[in-house]
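# Observations on chain architecture
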Amino acid sequence: MKRIKLFIITAIASFCANNLSAQNPVIRDQFSADPTARVFNGKVYLFPSHDITAPEGKNLRKDWFCMKDYHVFSSENLIDWTDHGVIVSQNTVNWVDSTSYSMWAPDCIARNGKYYFYFPANTSVTDPSGRKGFGIGVAIADNPEGPYIPQEKPISGVHGIDPNVFIDKDGQAYLYWAMGKIFVAKLKENMLELDSEPQEVSELPEVGLKEGPFLFERNGIYYMTYPHVQNKIERLEYAISNSPMGPFKITGVIMDESPMNCWTNHQSVVEYRNQWYLFYHQNEYSPQFDKHRSVCIDSLFFNTDGTIQKVVPTRRGVGVTNAAGRIEIDRFSSKSEGTTIAFNQAADPFDGWKAVLAKKGDWVQYNTIDFGKGKFKKVMLNACAKMGGTIQLRLENAHGPVIGSIQVPSGSELNKIEIKVSGIQSGIQNLVVVSETDTPVEVDWLTFK
Ligand code: FUB
């Protein structure tokens, strides 16, 4: 009986391993933005905001953020994400104006076995000082997945967006938030009330909007990270201190402005299994409308003096891809200048992308594929070429050893083509698709057999 159990467990484990793939964006069936990642109980939980298209007939701006609820996602490998569904919605929090679709960037933190989810939204009632605008509320759960029970009222004395909570080693909790500038106050032990007067984190750049505070500590350095409009759109910057309330010293840029011109960015930084990661967002599923964003992850590295190395956003993302899974080659690590990325179907961005190699010599490279023991004999490819074409598969780089050469028949529809491959080495390697033809060849994905 034990043996049968072991066999079943091994079979399930290898099935799961075979289905690993990794790419940016990490959430691929809906828009997701403003990611806060937290490690709870050995898993990474992702608390993003949720961009949607403004519904008709609600008197909403079509050119602005539209967000009515929050989902929570979890992952053990940063690759496969489980959507645990909606945890808080504008219709279920009684202080929120349920016509405002204003559930912006959230955070979540654990204390004494409870999970405190902080979220901003437009208030439906004026507070004692006569203000409406953005308030910050809290919903509490016994598990990171929920159910979360919203508090009756937003946190008193806080007006703003983008809550972020940090609990220091001595147990003191701090709430940070934004309103053009960044503010901080101590939180009471109950995590629901301020325990000090709000104060501005005044050492940050004087000019240009600052929002999305995310504070973390590493080796006694407190890192205040924030999006800031230094030029025309936001970039991710950080300042450091030896205390959660500052004074902070402006230290550097974590990520430059979006190459796709996404006006916002929003970050969290988390250590998981001895590697630091930057969670951020961009608008690759929606290049024409930057209020439809998607969460991405890339590795983040520190210099020996504690400063942060700049993170260059990649499509490849993080994690190892199994050679027997789908290798989405358009989520490249690097490519030649002539290679472009296009949607498979313009009408449905969530159907994904393909790499278009325009001419002979164009290439696209996908790193960190696990070829296991290297026993693969065939590759299946989803590709097309209007005029027909030939591509080569190489290992390591565009001039590396050839493992197969594929004739792509002429036609405009993507087709599955299977060929034999040889010379595959064991272990983790990079794969490069190189065009041998002077007319365009399009490649969607590959899988080894
Ligand atoms: O998602 C709405 C707003 O855009 C967030 O609250 C800001 O941080 C920016 O990302």
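Bear in mind the structure is a predicted one, so any value in this text is a computation, not a measurement.

## Focus: the overall build of the chain
- Assigned secondary structure in the chain consists of one helix and 30 strands.
- Taken against the 2.2 N^0.38 rule, which gives 22 Å for 449 residues, the C-alpha radius of gyration of the chain at 24 Å falls within 12% of a compact globule.
- If you line up the chain on its principal axes, its C-alpha atoms span 70 × 55 × 45 Å.
- Residues classed as buried in the chain amount to 54% of the 449 residues present.
- Summing over all exposed atoms, the chain offers an accessible surface of approximately 20,000 Å²; the carbon and sulfur share of this is 51%.
- The positive charge centre, built from 45 side chains, and the negative charge centre, built from 50, are 6 Å apart in the chain.

## What to know about the domain arrangement of the chain
- Its domain assignment divides the chain into domain 1 (24-300) and domain 2 (321-448).
- Placing the centre of domain 1 and that of domain 2 at their C-alpha centroids yields a distance of 37 Å.
- In this assembly, nine residues from domain 1 lie in contact with five residues from domain 2.
- Both faces considered, domain 1 and domain 2 share a buried interface measuring about 640 Å² in area, 67% of it formed by carbon and sulfur atoms.
- Of all residues in domain 1, N24, E284 and Y285 bury the most surface against domain 2, accounting for 65% of the area lost on that side.
- At the boundary of domain 1 with domain 2, the tally comes to one salt bridge.

## Things to note about the pairing of strand β30 (residues 441-448)
- Within β30, eight of the eight residues are buried, leaving the element largely enclosed by the surrounding structure.
- Pairing between strand β23 (residues 353-357) and β30: three bridges, direction antiparallel. Across the sheet, residue A355 finds its bridge partner in β30, namely V443.
- Bridging between strand β25 (residues 378-385) and β30 involves six bridges; their strand directions are antiparallel.

## Observations concerning the side chain of H281
- Tracing the backbone through its elements, the reader meets H281 in strand β18 (residues 275-282).
- At 3.0 Å, the side chain of H281 forms a polar contact with the backbone nitrogen of D34.
- Beyond its immediate stretch of four places on either side in the chain, H281 contacts S32, A33, D34, P35, C262, T264, N265, H266, R293, S294 and V295.

## With respect to the nonpolar core
- In terms of nonpolar packing, the biggest core is built from 31 residues, with I329, L393, I406, L431, V433, L446 and F448 touching the most fellow members.
- Elements with a minimum of two residues in this core: β23, β24 (363-370), β25, β26 (389-395), β27 (402-408), β28 (411-420), β29 (428-435) and β30.
- Beyond its immediate sequence surroundings of up to four residues, V433 is in contact with I329, L357, D362, W363, V364, I391, Q392, L393, V443 and L446.
- Counting 19 residues, the second-largest nonpolar core is a separate cluster that includes Y70, C108, A121 and A141.

## Focus: the confidence of the model for the chain
- In the predicted model, the chain carries a mean pLDDT of 94, and the fraction of residues at 70 or more is 94%.
- Here residues 1-20 is modelled with pLDDT under 50, and outside its nearest four sequence neighbours on either side it reaches 12 contacts, counting other chains as well.

Here is what the cut-offs are and how they apply
- Residues numbered from 1 in each chain as written.
- Predicted model: local features only at pLDDT ≥ 70, side-chain atom pairs only at ≥ 80, totals over all residues.
- Heavy atoms only, no water.
- Helix = DSSP H or I, 4+ residues; strand = E, 2+ residues; numbered from the N terminus.
- Rg over C-alpha atoms; globule rule 2.2 N^0.38 Å.
- Buried < 20%, exposed > 50% of the residue type's maximum accessible area, 1.4 Å probe, protein only.
- Areas by Shrake-Rupley, 256 points an atom, 1.4 Å probe, with all protein chains shown as cover.
- Lys, Arg positive; Asp, Glu negative; His and termini not counted.
- Charge placed at Lys NZ, Arg CZ, Asp CG, Glu CD.
- Domains from an automatic or database assignment.
- Contact = heavy atoms within 4.5 Å.
- Buried area = accessible area lost by both parts, 1.4 Å probe.
- Salt bridge = Lys/Arg side-chain N within 4 Å of Asp/Glu carboxyl O.
- Pairing = 2+ DSSP bridges.
- Polar contact = N/O pair within 3.5 Å; in protein donor to acceptor, adjacent residues only side chain to side chain.
- Core = buried A, V, L, I, M, F, W, Y, C linked by side-chain atoms within 4.5 Å.
- pLDDT = per-residue confidence, 0-100.

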